[in-house]
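Coordinate inspection notes
For reference, the chains in residue letters:
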Amino acid sequence: AQRAAPSVRELAWDGSTVTAEPSRSGPPGVILAAIFAEAVTDLLTASDMGKVRECEAADCVMLFQPAHPRRRWCSPTRCGNRARVARYYQRHKPPVG
Ligand SMILES: [Zn+2]
């Protein structure tokens with residue numbers, strides 16, 4: 001995917017300095033696929049790739065890189081809240097019968 005729309009550094013003048021910005025050419029879908037492929041390459045080769053975890057929510061397939069070692073969910077406000085609500089319900093549900 002990256003070979004279909006290789007990144008080149010394009011020089012430009014911003015009025016005071018020369019800048020070099022990455023640029024790709026081709027159809028938008030091909031460029032998007034190349035950008036995603038480059039991002040996956042960066043993710044898989046990152047030195048902290050071993051820290052990536054699966055979200056602990058039963059119905060979630062997201063991976064995340066924890067900001068702190070005890071983080072359990074991809075999103076504390078979404079998956080974390082749903083897990084806390086489910087735990088609360090399990091502890092406080094009315095007895096059957
Ligand atoms: Zn999640």
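To continue, consider the pattern of salt bridges. All chains considered together, the criterion is met by three salt bridges. Taking the shortest distance from any N to any O, the salt bridge between R24 and E38 comes out at 2.2 Å. Within this pair, whereas R24 is found in the loop between β2 (18-23) and α1 (28-45), its partner E38 is found in helix α1, the two being separated by 14 residues in sequence. With a closest N to O distance of 2.8 Å, E56 and R72 form a salt bridge. In this pair, E56 sits in the loop between β3 (53-54) and β4 (63-64) while R72 sits in the loop between β4 and α2 (76-92), placing the two residues 16 residues apart along the sequence. Judged by relative accessible area, E56 falls into the partly exposed class, the value being 49%.

A few words now on the domain arrangement of the protein. If you check the domain split of the protein, you get domain 1 (1-45) and domain 2 (50-97). Domain 1 and domain 2 are separated by 36 Å when their C-alpha centres are compared.

Distances from the zinc ion to its protein donors, namely C55 (SG), C60 (SG), C74 (SG) and C79 (SG), fall within the range 2.3 Å. For the zinc ion, the four donor atoms are set out with angles of 106 to 117° between them, so the coordination reads as tetrahedral.

Moving on, we get to the side chain of R71. Here R71 lies in the loop between β4 and α2. Within the structure, R71 has its side chain in polar contact with the backbone oxygen of W73 (distance 2.8 Å). With residues up to four places along the chain from it excluded, the contact list for R71 reads R53, F64, P66 and P76.

As a further point, take the side chain of R24. R24 sits in the buried class, given a relative accessible area of 16%. Side-chain polar atoms of R24 contact the backbone oxygen of A5, separated by 2.7 Å. For R24, the contacting residues outside a window of four places in its chain are Q2, A5, P6, S7, I31, A34, I35 and E38.

The subject of this paragraph is the environment of D48. Its location among the elements puts D48 in the loop between α1 and β3. We classify D48 as partly exposed; its relative accessible area is 30%. Separated by 47 residues in sequence, D48 and A1 have C-alpha atoms that sit 24 Å apart. A distance of 2.8 Å separates the side chain of D48 from the side chain of Q65, its partner in a polar contact.

How each quantity is defined
- Each chain has its residues counted from 1, following the order in which its sequence is written.
- Whole-chain, interface and lining totals are the exception, using all residues; otherwise, since this is a predicted model, local features are given only for residues with pLDDT of at least 70 and side-chain atom pairs are given and counted only at 80 or more.
- Side-chain measures were taken over the full set of non-hydrogen atoms in the model, leaving aside hydrogen atoms and water.
- Think of a salt bridge as a Lys or Arg side-chain nitrogen and an Asp or Glu carboxyl oxygen that are within 4 Å of each other.
- Secondary structure counts use DSSP, requiring at least four H or I residues in a row for a helix and at least two E residues in a row for a strand, with both numbered from the N terminus.
- Each residue is placed in one exposure class: buried if its accessible area under a 1.4 Å probe, protein chains only, is under 20% of its type's maximum, exposed if it is over 50%, and partly exposed if it falls in between.
- Throughout the structure description, domain borders are defined by an automatic or database domain assignment.
- For Na, K and Ca the donor cut-off is 3.2 Å, and for all other metals it is 2.8 Å, counting N, O and S atoms only; because water is absent from this set, sites may look incomplete.
- A four-donor site is classed as tetrahedral when every donor-metal-donor angle falls between 85 and 135 degrees; four donors are called square planar, and six octahedral, when trans pairs exceed 155 degrees and all remaining angles lie between 65 and 115, with any other arrangement labelled irregular.
- For this analysis, a polar contact is any N or O atom pair within 3.5 Å, provided that within protein one partner can donate a hydrogen and the other can accept it, and provided that sequence-adjacent residues contribute only side-chain to side-chain pairs.
- Two residues form a contact once any of their heavy atoms are found within 4.5 Å.

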